[in-house]
Structure formats: structure tokens, C-alpha cells
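Understanding the architecture of this molecule
Read off the chains here:
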Amino acid sequence: MRVISVLGLGFLAAQSSYAFGKPSFTPQSTLSASTTSALRMSGGQAAPADLKPPPALYEGAVAAGVAKGKGSWAKIFKLGIVSGAHIGFGSYLAISVGGACPGIAAANPGLQKIILGAFGLPFGLIMTLVTGGELFTGNTALVGASFMEGKSTKGELAKSWIASYIGNFVGSLFLAYLAYASGTLGALPGSVNIATMKASLSFQQAFVRGIMCNWLVCMAVYMASGCSSLVGKMTAVWFPISAFVALGLEHSVANMFMIPLGMLRGAEITLSQFLAGNLLPVTLGNIVGGMLCVMAPTFGGWLKKKEE
């Protein structure tokens, strides 16, 4: 019985260290020197803190940007297709839940916006981050930072942005067609109403909403990159992503799914209104939000100090 208990405890410890590195209820600061030494002598090591400090967070973001910039066109494009589909699934869920409660929208518009934001796009971004996808909006910050730090070339920056953008577009359009063909949305007008509203924005409105949107999206990506646990990443993603949706901001990749889906379902939107009237200004705004609003304040800061 004693042998079985020891083996059982060893199995549980192995399972826990594989998933999280340490029990989630044990603060890092409570690990004594003797405990750390024992872990290392037994073949293990003390787990890193769940959240990196700001300098290490920025250093990791730049390193991620360097790696993304060195990927091949084909690799970035293929992973971009997958990420476009992931964001499409998130948008699909948001339309199916938050976009399908007109009674709540009429009685309590704020609550409906929270529902629209909370159920959908956060899980789409989580799938992309956990599986290592290529999302254009996130790449504006990560590869943008590595370029401004002199660790990625102009060619690598262009390759990352262009290949991921085209891949995201292909994946989004593919999923939009699948959602349309599935018939799961029935006769609900949510997708048509959302697409029509987006296509009716002025160039300036779409551009400014694109800036604020990717400011929040890239903060989510940035914070999640500093978390070692899945729970930490999910928390870092959920609040900013649900916020940008509830605020009515504009995400280029999400719009690659939402507007075509609305058009397939009868929205009176021309191709010019979609591409030139919405997608172009939103994309430009997303670049400003990700590269300048999120990463620019730290360009040449913590990384330079470390190298000196």
C-alpha cells in the first residue's frame, strides 16, 4: 500500500508539472532554496513565474517577432489561413449569440453589447495564440517591434504582414461560406445588420475604430505572451477582446468574415463598399494601433538597456 501511495503521488506530481510547472496554489516566492535544489537534483526545475515582468515581456515579444519574420511565405500563408478561420469561428459565435437577442438589445443595449463581446472573438484569438497561428493584427505589433529594434528586415516585415493578411482573408472567406451554407443562422437578421452597419461607416470612423480596436487586440496578444499558463493567457485575452467588441470597434480580420457573410445572406453591400470603404481604413487603423499605440512607447527602451 505504501509503494502504491508513493507511486500515485509521483504520478500526480508528474502530471501537475507537465501541465503547469508547479501547483497553481503554490506562490513562486514560497519555493525555498532547498526545495529548488531538490527539484533540480531530481531532474526537474523550479517553474518560471506565471507572468513575466515588463522588460522580459517586451524582450519576449521582440523575439517572437523575429521568429515570425523568419518564417517562409508558404508557412506564414498557411498558418494565416488557419488563423483567419479561427477568428471567423469567434465572429460566427458572436453573431449566433450576441447578435441573436434583439429583445435584450432593445431593453438593455449595454448588456447585449457585453454578450456580443464575451461570447465569440475571445475564443477565436485563444485558438490562434495556443496553436501558433499567424494573425495579421498581432503581427503588426510583434514583427513591427522586432523591425524597429533592428532585428527584422523590411523584407521580413513585409513578408509577415502580407502573407498573414492574405492567408487570414482566405481563411475568413472560406469559413464565411461554410457558415452561410450550413444554414445555422436561420432567418435571424444579425449578420446582415452587423455587416450593413460596418459598411456604412465613413473612412475616418472606420480608421479611428481600427486604431482603438488593434490597440486592445495587441495588448491582449502582448499580455498573453507573458503568461506561462493557459488560464493566464485566457484571462489576458478575454478582457481586452470582449471590450473592443462591446465598444463597437473594427477588426480587419473579423470583418473579412462578418461582411462577406452578411453579403451572402442578402446585405446590400457592394464589393467597393466592403474593400475600399471598410477593409482599407480598418486595416490602416489596425497597423497604427498595433505598431504605434502598443509597441512604440517601448521601442529602444528595455531591450537597449539590457544590451548595454
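Here's what I pulled together on the structure shown here.

1. Details of the packing of helix α10 (residues 190-199) against helix α13 (residues 252-264)
Between α10 and α13, whose axes approach to 8 Å, the crossing angle comes to 115°. By the criterion of interaxial angle, the relationship of α10 to α13 is roughly perpendicular. With respect to the hand of their crossing, α10 and α13 are arranged in left-handed fashion. Here S191, V192, I194, A195 and K198 of α10 come into contact with α13, specifically with N255, M258, I259, L261 and G262.

2. Some remarks on the nonpolar core
The biggest cluster of nonpolar side chains holds 49 residues, and the ones touching the most others in it are L121, L125, Y222, I241, F244, I269 and M295. Ranked by the residues each element gives to this core, the list is headed by helix α11 (residues 203-225), at seven residues. Ignoring sequence-local partners within four residues, the contact set of I269 consists of A195, T196, A199, I259, M263 and F274. Counting ten residues, the second-largest nonpolar core is a separate cluster that includes Y92, L175, A176 and I194.

3. Describing a nonpolar patch on the surface
Where nonpolar side chains cluster on the molecular surface, the patch consists of W73, F77, I162, I166 and V170 and spans about 440 Å² of accessible area. Counting residues per element, the ones that place at least two in the nonpolar patch are α4 (73-97) and α9 (154-182). The greatest single-element share of the nonpolar patch, amounting to three residues, is contributed by α9.

4. Side note on the packing of aromatic side chains
Evaluated as defined, the whole model comprises five aromatic pairs. Considering the side-chain rings of F136 and W161, the 6.3 Å spacing of their centres and the 80° angle between planes classify their relative orientation as edge-to-face. Highlighted residues: F136 in helix α8 (residues 136-148) and W161 in helix α9, separated in sequence by 25 residues. Under the relative-accessibility criterion, W161 is labelled buried at 14%. A network of ring pairs unites the aromatic residues F136, W161 and Y165 as a single cluster.

5. Topic: α9
One turn of an α-helix holds 3.6 residues; hence residues three or four places apart share an orientation. Taking 1.5 Å of rise per residue, the 29 residues of α9 would be expected to cover 42 Å, and the 42 Å separating its terminal C-alpha atoms lies within 8% of that figure. Directly beyond the C-terminal end of α9, a positive phi value near 75° is found at G183.

Each value, and the rule that gives it
Residues numbered from 1 in each chain as written. Predicted model: local features only at pLDDT ≥ 70, side-chain atom pairs only at ≥ 80, totals over all residues. Heavy atoms only, no water. Axes fitted to C-alpha atoms, helices over the stretch in contact; angles between N-to-C directions. Helix = DSSP H or I, 4+ residues; strand = E, 2+ residues; numbered from the N terminus. Parallel < 35°, antiparallel > 145°, perpendicular 65-115°, else oblique. Left-handed = near helix turned anticlockwise from the far one by under 90°. Contact = heavy atoms within 4.5 Å. Core = buried A, V, L, I, M, F, W, Y, C linked by side-chain atoms within 4.5 Å. Buried < 20%, exposed > 50% of the residue type's maximum accessible area, 1.4 Å probe, protein only. Patch = residues over 30% accessible without salt bridge, like charges linked within 9 Å, V, L, I, M, F, W, Y side chains within 5 Å. Areas by Shrake-Rupley, 256 points an atom, 1.4 Å probe, with all protein chains shown as cover. Salt bridge = Lys/Arg side-chain N within 4 Å of Asp/Glu carboxyl O. Phe/Tyr/Trp six-rings, centres within 6.5 Å; stacked < 30°, edge-to-face > 60°. Expected span 1.5 Å × (residues − 1).

Shape is all these values report; function is a separate question.
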